[in-house]
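Residue strings, one per chain:
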Amino acid sequence: MKRVIAMSLATVLTLGLLAGCGGNSKDNAPAADSTGTEEESTAVADSGQEASADNESADGKSVVTNLSWFDTESMKELKEGFEEAYPQYEMDLQYAPPIQQYMEKYSVLLAADELTDLYIMGPDTREEVIAYQCAEDLSDLPIMDRISDICKRTNGDAEGHVYGLSLNAWIRGICYNIDLFEQAGIQEFPKTWDEFVDVCKTLQDNGIQPLVCGKDDLFDFAWGLYTSTEIVKDMYTDDAINNGTSTFAEKYSETFNAWYDGIVEPGYLPQSCLGLTGEQATDMFVNGQAAMIWEYVGNMPDYNVKNPDLKWDLKPLPGLNGESMLQGCPGVGYCVAVNAKNKEGAYAYLDYVCTKEGLEQYQKATNMIMLVDGVDYELIPQIEQYRQDTIDGKYFWQTMVWEHPAAILQAWTVGVQDVVAGTLTPDEALESFDTQFAELKAAE
């Protein structure tokens, strides 16, 4: 059964899904100080597993393998800090860019029972990871007393087990170019959806492309409008889809069609976005080729590095009724593979990450808002304004609550691209999501 689940997961994830991924518990393991208030210990966590002889570096150190979607430059300080605190270990950081390349490599390793000692998971892969029992239960780690409940829920199960160590959260919304707005005579960011559509028209009438977005992020606009219209009123409204008392067509039809009629059909969100990667879209915005972008918080600190003259701000997409709410989700969590070759070293790494120094280095590496207390760090002003809202959990991401989130996310990604391309209507896309969800439920 486990092999069937793994191969099914590999098939889905190879399509390129967001991990934005139970097993045995770690008992009575001494940890490096996780409070940040006492001297940091280099005691090795007792996982009951010795590093194998073929898991040694050339100089005899025990190698800890880590499949990361944060690149080697971002992780350099954290890696070096760990190796200095635990000189008996060497971190083998295996970087695979998110989302598609990371998930392709992860799914192949999972299907072969060859996962690295450490890997990451998120809400989209939680169900499959728990079913396959490929991650250790981390709920007894001392750091758990300081972590936001939403992080535990997102990376755990209903019984209180936690399989991924998530320490932060990402948010995303609309970044807009203040100078381009002023150039078009727009003095402030719109407060309602109708005003947002009017702003797009004004920008286009002044020869400015209103919106840009990478092809794999196009669905965010539709989700964002729904979040600011429906989720802002009831965080649990999509439970009705899970329990069969409602459907995607019933829940999302109004906002999905408003999204299409408002910005897709007039060309404010152009079909040219279907040919853009997220990085290309970001570069267009930073270089002043579009007035607004749907953007992820981790990319924002680089804006003023790439263009020091850029004046911009971050806002949630306004809803149909004038309310608004940011999209967001706890960050991907570190998992320790149940079959890790160097489980002891993997736990030692988690111990280091949970020290004051490690937490600060982790924040610097990820550019996200920390959901664990006692961490000193600065955020750029555009993100700082949402620090407390993020800590308070005032954000939403659909796969945190949907059943079969990986497959349904993939359906939305492709379906929205088809709507933008003109090959599906919004209602036809919603019907296809309901059909796929019904098939998944029937196969349970």
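Quantities reported herein were computed from a predicted structural model and do not represent experimental measurements.

**Student:** A description of the nonpolar core should follow, citing residues and the corresponding values.
**Tutor:** The biggest cluster of nonpolar side chains holds 141 residues, and the ones touching the most others in it are Tyr119, Leu165, Trp259, Ile263, Met292 and Trp412. Not counting the four nearest positions on each side in its chain, Ile263 is found in contact with Trp193, Phe196, Val197, Cys200, Leu211, Phe221, Tyr268 and Leu269.

**Student:** Please set out the packing of helix H7 (residues 193-205) against helix H10 (residues 248-264) residue by residue, giving values where relevant.
**Tutor:** Look at H7 against H10: their axes get within 9 Å of each other, and the N-to-C directions meet at 25 degrees. Here H7 lies roughly parallel to H10, going by the angle between them. Contacts between H7 and H10 pair Trp193, Phe196, Val197 and Cys200 from the former with Ala258, Trp259, Gly262 and Ile263 from the latter. A breakdown of the residues in the contact of H7 with H10 according to their chemical character gives seven nonpolar, one polar and no charged.

**Student:** Summarise the packing of aromatic side chains; cite the residues concerned and give the values.
**Tutor:** Centre distance and the angle of the planes are the two values used to describe a pair of aromatic rings. Tallied over the full model, the rule gives 38 aromatic pairs. The ring of Tyr377 is capped by Arg387, whose NZ or CZ atom sits 4.5 Å from the centre of that ring.

**Student:** Pulling in residues and values, what's your account of the pairing of strand E8 (residues 326-330)?
**Tutor:** Buried residues dominate E8, accounting for five of its five residues. Burial along E8 is two-sided: Leu326, Gly328 and Pro330 facing one way and Gln327 and Cys329 facing the other are all buried. By the bridge criterion, four bridges tie strand E4 (residues 168-177) to E8 in an arrangement that is antiparallel. Note on E8: the bridge partner recorded for Ile171 is Gly328.

**Student:** I'd like a description of helix H2 (residues 72-85), backed by residues and values.
**Tutor:** Relative to the 20 Å expected for 14 residues at 1.5 Å per residue, H2 spans 19 Å between its end C-alpha atoms, a close match to the ideal helical length. The axis of H2 is deflected most strongly, by about 30 degrees, at Leu78. Listed in full, the buried residues belonging to H2 are Met75, Leu78, Gly81, Phe82, Glu83 and Ala85. Buried-residue contacts for H2 involve strand E1 (62-68), strand E2 (89-95), strand E9 (333-336), helix H13 (343-353) and helix H14 (356-366).

Criteria and cut-off values
- Residues numbered from 1 in each chain as written.
- Predicted model: local features only at pLDDT ≥ 70, side-chain atom pairs only at ≥ 80, totals over all residues.
- Heavy atoms only, no water.
- Core = buried A, V, L, I, M, F, W, Y, C linked by side-chain atoms within 4.5 Å.
- Buried < 20%, exposed > 50% of the residue type's maximum accessible area, 1.4 Å probe, protein only.
- Contact = heavy atoms within 4.5 Å.
- Axes fitted to C-alpha atoms, helices over the stretch in contact; angles between N-to-C directions.
- Helix = DSSP H or I, 4+ residues; strand = E, 2+ residues; numbered from the N terminus.
- Parallel < 35°, antiparallel > 145°, perpendicular 65-115°, else oblique.
- Nonpolar A, V, L, I, M, F, W, Y, C, P; charged D, E, K, R; others polar.
- Phe/Tyr/Trp six-rings, centres within 6.5 Å; stacked < 30°, edge-to-face > 60°.
- Lys NZ or Arg CZ within 6 Å of the ring centre and 35° of its normal.
- Pairing = 2+ DSSP bridges.
- Expected span 1.5 Å × (residues − 1).
- Bend = angle between axes of the 7 residues up to and from the residue.

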